[in-house]
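# Structural overview
Read off the chains here:
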Amino acid sequence: MSDSYQVTLIPGDGIGPEIIAAARKVVDASGVSIDWKEVTAGSEALAEYGTPLPDHVLQSIRETGVALKGPVTTPVGGGFRSVNVTLRQALDLYVNLRPAVSIPGVKSRYTGIDLVIVRENTEDLYAGIEHMVGPDAAESIKIITRRASERVVRFAFEYARREKRRKVTAVHKANIMKCSDGLFLEAARHVAEAYPDVEFEDRIVDNMCMQLVQKPELYDVMVLPNLYGDIVSDLCAGLVGGLGVAPGANIGDEMAVFEPVHGSAPKYAGKNKANATATILSAVLMLKHLGETDAADRIMAAVRKVIGEGKQVTYDLGGSAGTSEMAEAIIAAMAAKA
Ligand code: NAD
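Residues numbered from 1 in each chain as written. Predicted model: local features only at pLDDT ≥ 70, side-chain atom pairs only at ≥ 80, totals over all residues. Heavy atoms only, no water.

## Describing helix H6 (residues 180-192)
Residues spaced three or four apart along an α-helix point in a common direction, a consequence of the helix completing one turn every 3.6 residues. Here H6 contains 13 residues, and its C-alpha end-to-end distance of 19 Å stays within 8% of the 18 Å for a straight helix at 1.5 Å per residue. In terms of residue burial, H6 counts as a mostly covered element, since ten of its 13 residues are buried. Residues of H6 that are buried: Ser180, Asp181, Gly182, Leu183, Phe184, Leu185, Ala187, Ala188, Val191 and Ala192. Buried-residue contacts for H6 involve helix H5 (146-162), strand E8 (167-172), strand E9 (199-204), strand E10 (221-224) and helix H8 (226-239). (Helix = DSSP H or I, 4+ residues; strand = E, 2+ residues; numbered from the N terminus. Expected span 1.5 Å × (residues − 1). Buried < 20%, exposed > 50% of the residue type's maximum accessible area, 1.4 Å probe, protein only. Contact = heavy atoms within 4.5 Å.)

## Some thoughts on unusual backbone geometry
Even without being glycine, lysine 164 reaches a positive phi, approximately 55°. As for its position among the elements, lysine 164 is in the loop between H5 and E8. The class of lysine 164 is exposed, set by a relative accessible area of 73%. The backbone of asparagine 272 shows a phi angle near 55°, a positive value even though the residue is not glycine.

## Observations regarding the pattern of salt bridges
With the rule as written, the count across this model stands at 24 salt bridges. A salt bridge links aspartate 234 to arginine 98; the shortest N-O distance between them is 3.4 Å. One end of the pair, aspartate 234, is in helix H8; the other, arginine 98, is in strand E4 (residues 95-101), and 136 residues separate them in sequence. Linked through salt bridges whose partners overlap, the residues forming this network are Asp114, Arg165, Arg166 and Asp220. (Salt bridge = Lys/Arg side-chain N within 4 Å of Asp/Glu carboxyl O.)

## Overview of the nonpolar core
Counting 89 residues, the largest nonpolar core has Leu68, Leu97, Val118, Met222, Val223 and Met286 as the members making the most contacts within it. Here this core spans two domains, and each of domain 1 (1-95 + 244-338) and domain 2 (114-239) adds at least three residues to it. With residues up to four places along the chain from it excluded, the contact list for methionine 222 reads Leu115, Val116, Ile117, Val118, Thr169, Val171, Met208, Leu212 and Cys236. Leu53, Leu58, Ala67 and Leu91 belong to the second largest nonpolar core, which has 15 residues in total. (Core = buried A, V, L, I, M, F, W, Y, C linked by side-chain atoms within 4.5 Å. Domains from an automatic or database assignment.)

## A few points about the packing of H5 against H6
Packing of H5 against H6 brings their axes to within 9 Å, and their N-to-C directions diverge by 45°. As the angle between them shows, H5 and H6 are arranged oblique. In the packing of H5 onto H6, the handedness of the crossing is right-handed. Seen from H5, the contacting residues are Arg146, Ser149, Glu150, Val152, Val153, Arg154 and Phe157; seen from H6, they are Leu183, Phe184, Glu186, Ala187, Ala188, His190, Val191 and Ala192. (Axes fitted to C-alpha atoms, helices over the stretch in contact; angles between N-to-C directions. Parallel < 35°, antiparallel > 145°, perpendicular 65-115°, else oblique. Left-handed = near helix turned anticlockwise from the far one by under 90°.)

## Details of the side chain of threonine 122
Mapped onto the elements, threonine 122 comes out in the loop between strand E5 (114-120) and strand E6 (130-132). Residue classification places threonine 122 among the buried positions, given a relative accessible area of 19%. When sequence neighbours within four positions are dropped, the list of residues in contact with threonine 122 reads Gln89, Asp92, Leu93, Tyr94, Ala148, Arg151 and Asn226.

## Digging into the state of the cysteines
As enumerated under the stated definition, the model contains zero disulfides in all. Residue cysteine 209 stays outside any disulfide, its sulfur separated by 8.5 Å from that of cysteine 236, the closest cysteine. (Disulfide = S-S within 2.5 Å.)

## Quick notes on the site of the ligand
Taken together, the neighbourhood of the ligand is formed by 20 residues, with Val72, Gly263, Ala265, Asn275 and Tyr315 sitting nearest. Within the side chain of asparagine 84, a nitrogen or oxygen atom sits 3.0 Å from an oxygen atom of the ligand. Protein burial of the ligand: of its 820 Å² of free accessible surface, 68% is covered by the chains. Its residues placed into classes, the shell around the ligand shows ten nonpolar, seven polar and three charged. (Near = heavy atom within 4 Å. Polar contact = N/O pair within 3.5 Å; in protein donor to acceptor, adjacent residues only side chain to side chain. Areas by Shrake-Rupley, 256 points an atom, 1.4 Å probe, with all protein chains shown as cover. Nonpolar A, V, L, I, M, F, W, Y, C, P; charged D, E, K, R; others polar.)

Purely geometric stuff here, so don't read any function into it on its own.
Following this line, the structure appears as structure tokens:
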């Protein structure tokens, strides 16, 4: 462990700057020394540099290897690609990691959920290869490669091993898409052979959705191609109470960008109302990635305490605290435990 980590900080748009400021304060209070390199992406960058994702932002992440990012508003029209899709592709962040863990105090139909989604982040129908075939038909091309499938499945098994999880489930629709999903499944089975200590199974995606709603306790780490991963991860966020508490990470071999699952919620921008929990939990994933598991565990425990008590929480968790007050309460809970 080093004395000080360099981390790129991207506040983002809408509620981004407030929730990122809250998460930064919490991380700084954990005692881990971080040299934050703040850069702008999104609307502010568009106004200043003519692009929502200037090259120097990518360069900063290439240098630090780690970024904490707020949500950015995707400009409608104007011909710009989504900042998030561009970031993932430019930096080859091929894994989208989304844990879904119940936090007592967050309203949900379920308790005790502890699931991890490992979503392939670079190909599938999200490769964006589509066109009209005449005026009344459209064609989208689904790309699945052995290389991308094997590396994301390998990540899922390595994660399972490291985090002492019991099982990896590969999710697909290989009964219908025998070539594309068949290749993903074949790749998953091949990689699984190298991890005899971790249980492996596969499920068809529609059945998986029903089972997650009926018996979520049967599952642990799930690995999915891009489209199914996008959909099933939101299902899992719903199991634990929604977007306000759903953290995420985009991870590659060299770099990783940590960010909440939710968007920039423009209607709450500047009002000190937004819930920073998803961003704080994304920072917890970042600290684990840096090897700072003790600080990560202490922040997690403080978040659980504050939400469990339900007094200093934001409106969406049934309270009236502002973004900054909730962050201060989390910092105080950490200090009380120390
Ligand atoms: P959103 O996630 O911003 O908002 C959905 C709903 O959840 C809204 O009612 C919002 O007020 C509420 N909400 C979201 N986060 C919250 C929080 N932390 N605390 C309290 N309430 C919260 O989704 P949207 O409205 O579809 O998108 C708004 C913008 O965000 C769009 O421009 C979209 O492209 C962008 N977006 C960015 C990212 C990203 O940068 N990773 C992800 C999703 C959406």
